[in-house]
Amino acid sequence: MKRYLYVLLIVALFALQACATDAAPVEGDEAGSLIPPVSSDASSLSLEGSAGAANDPIKVSPEGQCTASDSNAAQFAADVIVLVNQERAAAGLNAVTSQAQLTQAAQAHSLDMGCNFFMSHTGSDGSSPLDRIKRTSYPFTWWGENVAAGYRTPATVMTGWMNSAPHKANILNPNFTEIGIGYVYNPNDTVNRYSHYWTMVLGSQQ
């Protein structure tokens, strides 16, 4: 199910999607898109980065039109993981740890979304979350993906995810032991003005 709700909250647009499954190659219900009760002034969307990348500007897309700054990216990813583990601890669950292959999958999808101006579990090349995880050779038994767009900070995107049942279910799934976070900021997003693109990939190994 792919459904986009474009609702103006003050000035900025916010969107979320969640997808989770076990080892079966079925995405299941993506939970659509939704607008959480978070608002912000679009003129203040200033954080930049793409998690897992080097601290240099990244230029991608076949057309060469995308420039994504990744300053402070590692800190954004670390902050989200801290917040995830706070929520898991409060629910009596074990912490998840950062994992390089999941980070690679998450980063690649955030860059794809940010450079092609869309927010979906389906990549611009038609890939599913499972496809992208398999590309990294991560030996999964369980996997899940949360994506979001328009949120300017780790705290606000976590608030959005935790206020949405499907995203919260991924974050609090006891089967997950590892996590990767991708984040990219593209100030040239003139299509939907999300600018900030987030991907969380959760998994556990065989």
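Residue numbers restart at each chain and count upward from 1, following the sequence in its written direction. In keeping with the predicted nature of the model, local features appear solely for residues at pLDDT of at least 70, side-chain atom pairs appear and are counted solely at 80 or more, and the whole-chain, interface and lining totals rest on all residues. In computing side-chain values, all of the structure's heavy atoms are included and hydrogens and water are not.

Chemist: Let's hear about unusual backbone geometry: which residues, and what values?
Modeler: The backbone of Phe117 shows a phi angle near 60°, a positive value even though the residue is not glycine. Relative to the assigned elements, Phe117 resides in the loop between helix H2 (100-116) and helix H3 (129-135). Overall, Phe117 belongs to the partly exposed group, its relative accessible area being 23%. For Ser195, which is not a glycine, the phi torsion comes out positive at approximately 70°. Helix and strand definitions follow DSSP, with helices as H or I runs of at least four residues and strands as E runs of at least two, each counted in order from the N terminus. Inspection of the secondary structure assignment puts Ser195 in the loop between strand E6 (178-185) and strand E7 (196-205). Each residue's exposure class comes from its accessible area (1.4 Å probe, protein chains only) as a fraction of the maximum for that residue type: buried when under 20%, exposed when over 50%, partly exposed otherwise.

Chemist: Let's hear about H2: which residues, and what values?
Modeler: Its 17 residues give H2 an end-to-end C-alpha distance of 24 Å, which sits within 8% of 24 Å, the value for a rise of 1.5 Å per residue. Most of H2 sits inside the fold, with 12 of its 17 residues counted as buried. Those residues of H2 not exposed but buried are Leu102, Thr103, Ala105, Ala106, Gln107, His109, Ser110, Leu111, Asp112, Met113, Gly114 and Cys115. The N-terminus of H2 is capped by Gln99, whose side-chain oxygen sits 2.7 Å from the backbone nitrogen of Gln101. In this analysis, the expected span of each helix is defined as 1.5 Å times one less than the number of residues it contains. Contacts described as polar in this section are N or O atom pairs within 3.5 Å, which, within protein, must combine one atom able to donate a hydrogen with one able to accept it, while residues neighboring in sequence count only if both atoms come from side chains.

Chemist: If you had to explain the packing of aromatic side chains to someone new, which residues and values would you point to?
Modeler: Note on aromatic contacts: the rings of Phe and Tyr and the six-membered ring of Trp form a pair at centre separations within 6.5 Å, being stacked when their planes are under 30 degrees apart, edge-to-face when over 60 apart, and tilted otherwise. In total, this model carries three aromatic pairs according to the counting rule given. Note on Phe76 and Tyr183: the rings are 5.3 Å apart at their centroids and 85° apart in plane angle, and the pair reads as edge-to-face. Highlighted residues: Phe76 in helix H1 (residues 73-90) and Tyr183 in strand E6, separated in sequence by 107 residues. Exposure remark for Phe76: the relative accessible area of 7% places this residue in the buried category. Residue class for Tyr183 comes out buried when judged on its relative accessible area of 1%. For the pair Tyr183 and Trp198, a centre-to-centre distance of 4.2 Å together with 45° between the ring planes defines the contact as tilted. Residue Tyr183 is located in strand E6, and its partner Trp198 is located in strand E7; the two are separated by 15 residues in the primary sequence. The pair Tyr183 / Trp198 is uniform in exposure class, with both members buried. Taken together, the ring pairs in this structure connect Phe76, Tyr183 and Trp198 into an aromatic cluster.

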